[in-house]
Amino acid sequence: MGSFWVLVARLLGVTTLSTYEGLDRSQSPLQLTDSHSHVESSLVPTAAKDPLHFRPPGHRQDNGNGSDFKCDYRKMVGWEKCSTPEDRSCWLVNKKTGERFDINSDYENYYPTGKTREYFITVDKSNITADGYTFYGATVFNETYPGPWIQACWGDTVKVHVRNLNPDRGTSIHWHGIRQLNTMHMDGVNGITQCPIAPGSTFTYEWKVMQYGSSWYHSHYSEQYGDGAVGPITLHGPSSAPYDEAADIPLLMTDWRHGSLFPVGNMLKERWIQSILLNGIGNVTKFGARKVQNTSKIPKPYTLTFTADKVYEDEPPELEVPNSRPKRYLLRLINTSIGSTFIFSIDNHLLSIVSADFVPIYPYLNSSILVGIGQRYNVIVEANPRNNTKQPLDSNGNYWIRTWVAPNCGAGVVINKDSKETYMQTGILRYNKSSTEDPESKPWTDISMACSDETATSLRPVLPWVVEDPINVMSTESKIQHMAVISGPPADPIPSFPQASYSFRNVSGGINGPNPLQINFSDPVFLNLDNDEPFKNKLWEIYPEGRPNQTDWVWLAITVDYSPDGDTSAHPIHLHGHDFAILQQAEKTTYVPENIHLNLINPPRRDVVLMPKSGFIIIAFKADNPGAWLLHCHIASHASQGLALQILERQADAAAMWPKASPAAQTAATLCSSWDSWVAASYTSTPTPLPDDSGI
């Protein structure tokens, strides 16, 4: 029956050509799929003639990857673009009123009026050969890996029509890090915000671009994103440091398998053949305890091209020695792995880090940066390789882009013993695009391999937060709500599911045993906001509205409890629907009151933090977004095995916003009806085809 409905959906796709206008069906990754942008470019004035319709700063016009994309603020009469290569902090200005949208704007409450961007995405199976070994039946978006590049500008509205053509599984798409203020039902977590999209069905997501920066989208249906269902997101906006050009496409780092993660617990050998990809390109022969033989040609490494041209600040140069500088390039780094933490660097080139997740920060320099699963950084690199005795310049102008796997920092890949010095060479930066030589460059000698986030003193947000006292004050000595990560199988009589191995434990609430999360695909929380019964268990933290007309804050301290046979991984902790402030991130430190030293004045903030293997984190977020939100480890197997927690925020407000008769609730109910019909026709047992997994 699943195949029948998928066939119907395919036929509808053929008869509705406008739906898929502009889609690139080749395996070339990261193609723009805004089917309207190429039409607009021939109908409206160019950026030079219209200051409200312009290519994003540094966007190359000839890159072939969405070069026709333009920001569109023509509804904002009296405003104009103000970004320049020497000042990217300004975005739009109204010269008559003096108002600005810039790097200092409170983007949580204040953003421009853009346009609606529509994208059309299919979820389907495809054979992907990314590294010389074919993954047969990968689950991908629009038959490509990575999926299409979704772009929007600060203040836009994004609508994405998702059609599930995978005959075997449902799906739901999560827009990682997107604020989703008052749009909980668009967060894309099956069992919480919706039922899965059944094979042959379609669902439309719509969300506001309140933030700007780099992110990604991925399936949240069990471990499905590990089968290839990921793609990049770029939200164009200001930058805390100047740059001239942006790299053609975001840089996605990932670990890669060659067989499906389904069913959960799949032990087929292809699942365990691993490698590392940079923008969908890798070399399988460098990985595995025993060297894996490629079955097709190894692709050339991902290549990034810089030009050594000088940029003159006086045009034309009037001085005998013109005031010139190297060109500066913006790179967007994204870790889309299921188990690996990466350390990114470019030989002989320093990185100026300007944002962490969706939070603009004051720039700082480093030779490398650790990127945890789900984390993103925007960095600026000068086309000016550093020359020193330990790192001489490459004679051909070629330099390795390196993505090391941070040791003992997650469920990382196995590296072949013969490739330990070369496996991380996943890309090439060239100054001569016609060159075909491999680089002879050497790595930086001061790169740290520690499993640690960037230091708190480095991650200083441009827009400051001052964190207030929490509404969830505990009676414990520290007054902070304490959640512990538990590894190892749960003990009886805790109800569980076959694959359960991880969970959170509410230490402050007196809960001693583990309680792995498992959602119900057929009965999402979104349709139960007016009913207290589903929330009367240990899987929930409930934060009602506290103080009228004031900002409510929730603080959480998270530590790690290990069973003797448990895993000792660091855990990348991700919170949906919010940024959180990192009040403390302590390694090799016991969580006791005398070791608590909080930073409440403009602490680092983001939406993914690396929980140390030994130590603790204390995070704080504003309880200002009504609905149900997920807090979980972003190691895919850990989330699948139950390491997640649901947070119910302002339940009364949420129930009032989405009563059963509301259009959003009716749409969700229709999606659930389609899902239940597919399950009933496809499976003899209920309630789900994945009873042994958390479902997220």
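Everything quoted here is computed from the prediction, not taken from an experiment. The residue count restarts for each chain, going from 1 along the sequence in the order it is written. In view of the model being predicted, local features appear only for residues whose pLDDT reaches at least 70, and side-chain atom pairs are presented and counted only at 80 or more, with totals across whole chains, interfaces and linings using the full set of residues. Values reported for side chains reflect all heavy atoms of the structure, with hydrogen atoms and water molecules removed beforehand.

J.: Would you mind going over the overall build of the chain with me for this structure?
T.: What the chain contains, in helices and strands, is five helices and 39 strands. Between buried and exposed lies partly exposed: a residue is buried under 20% and exposed over 50% of the maximum accessible area for its type, with that area taken using a 1.4 Å probe on protein chains only. When the 696 residues of the chain are sorted by exposure, 61% land in the buried category. Across the chain, every contact between residues at least 6 apart in sequence was considered, and the portion connecting residues at least 24 apart equals 76%. Roughly 26300 Å² of accessible area belongs to the chain as shown, and the carbon and sulfur atoms make up 51% of that amount. Counting from the N terminus, the helices are the DSSP runs of H or I reaching at least four residues and the strands are the DSSP runs of E reaching at least two. Contact between two residues is taken to exist if any of their heavy atoms lie within 4.5 Å; hydrogens are not considered. Working definition of accessibility: Shrake-Rupley area with a 1.4 Å probe, residue cover restricted to the visible protein chains.

J.: Teacher, can you tell me more about empty space enclosed by the protein here?
T.: In this approach the atoms are scanned with a rolling probe the size of a water molecule, which exposes any empty space left behind. Definitions used throughout: a 1 Å grid over protein atoms alone; a cavity as a set of points that fits a 1.4 Å probe which cannot get out; a pocket as an open set with protein on both sides within 12 Å along at least five of seven lines; a lining residue as one with an atom within 4 Å of a point. Grid points are joined across faces, edges and corners, and a volume is the space filled by probe spheres set on the points. Tallying each qualifying case throughout the model produces six cavities of 30 Å³ or more. Each pocket or cavity is described by its volume, and for the largest cavity that value is around 180 Å³. Together, 21 residues line the largest cavity, and Tyr212, Gly213, Gly237, Pro238 and Asn378 are the ones closest to its centre. Elements with a minimum of two residues in the lining of the largest cavity: strand 13 (230-236), strand 21 (328-335), strand 23 (351-356) and strand 24 (359-366).

J.: Just to check I follow, could you spell out the sheet that holds strand 22 (residues 342-346) for this structure?
T.: Strand pairing in a sheet relies on backbone hydrogen bonds. The paired strands run either parallel or antiparallel. In short, DSSP must find at least two bridges between two strands for them to pair. With mixed pairing, the five strands of this open sheet are ordered in space as 18-28-27-22-25. Both edges of this open sheet fall to strand 18 (302-305) and strand 25 (369-371), since each of them pairs with a single strand only. Pairwise comparison of adjacent strand axes, ignoring direction, gives a mean angle of 25° for this sheet. Here strand 22 runs beside strand 27 (residues 398-405); their pairing, made up of five bridges, is antiparallel. Counted as the bridge partner of Ser345 is Arg402 from strand 27. Structural elements are reduced to axes, namely lines fitted to C-alpha atoms, with helices fitted over the stretch in contact, and the angle between N-to-C directions of any two is expressed from 0 to 180 degrees.

J.: So what exactly am I meant to see when it comes to the nonpolar core here?
T.: It is characteristic of soluble globular proteins that their nonpolar side chains tend to be buried jointly. In this text, buried Ala, Val, Leu, Ile, Met, Phe, Trp, Tyr and Cys residues form a nonpolar core when linked through side-chain atoms within 4.5 Å. By size, the foremost hydrophobic cluster in this structure holds 89 residues, and its most contacted members are Tyr73, Leu92, Trp175, Phe344 and Ile369. Ignoring any residue separated from it by four or fewer positions in sequence, one finds Ile369 in contact with Leu333, Phe342, Ile343, Phe344, Leu351, Ile353, Tyr364, Tyr377 and Glu454.

J.: I would appreciate a short explanation of unusual backbone geometry in the present structure.
T.: Trans peptide bonds make up the majority, and among non-glycine residues the majority have a negative phi. At the junction of Tyr145 and Pro146, the peptide bond is cis and its omega measures out at -10° in the coordinates. Tracing the backbone through its elements, the reader meets Pro146 in the loop between strand 7 (134-141) and strand 8 (150-153).

J.: Could you clarify how one ought to interpret the sheet that holds strand 8 in this entry?
T.: With respect to topology, four strands assemble into an open sheet ordered 8-13-12-10, the strand pairing being mixed. Looking at which strands have only one partner, the edges of the open sheet turn out to be strand 8 and strand 10 (173-175). Neighbour-to-neighbour, the strand axes of the sheet open up by a mean angle of 20°, direction not taken into account.

J.: What should I look at first to understand the pattern of salt bridges in this one?
T.: Once their charged atoms are close, side chains differing in charge can pair, the charge on each being opposite to the other. By definition, a salt bridge exists where a carboxyl oxygen of Asp or Glu is found within 4 Å of a side-chain nitrogen of Lys or Arg. One pass over the full model with this rule turns up 20 salt bridges. One salt bridge connects Asp255 with Arg257, and the closest N-O pair in it is separated by 4.0 Å. A relative accessible area of 4% means that Asp255 is categorised as buried. Overall, the relative accessible area of 7% leaves Arg257 in the buried class. Here Arg402 ties to Asp347 by a salt bridge, and the two come within 2.7 Å at their closest N and O atoms. You can see Arg402 sitting in strand 27 and its partner Asp347 sitting in the loop between strand 22 and strand 23, a full 55 residues away along the chain. The buried category is assigned to Arg402, whose relative accessible area is 2%.

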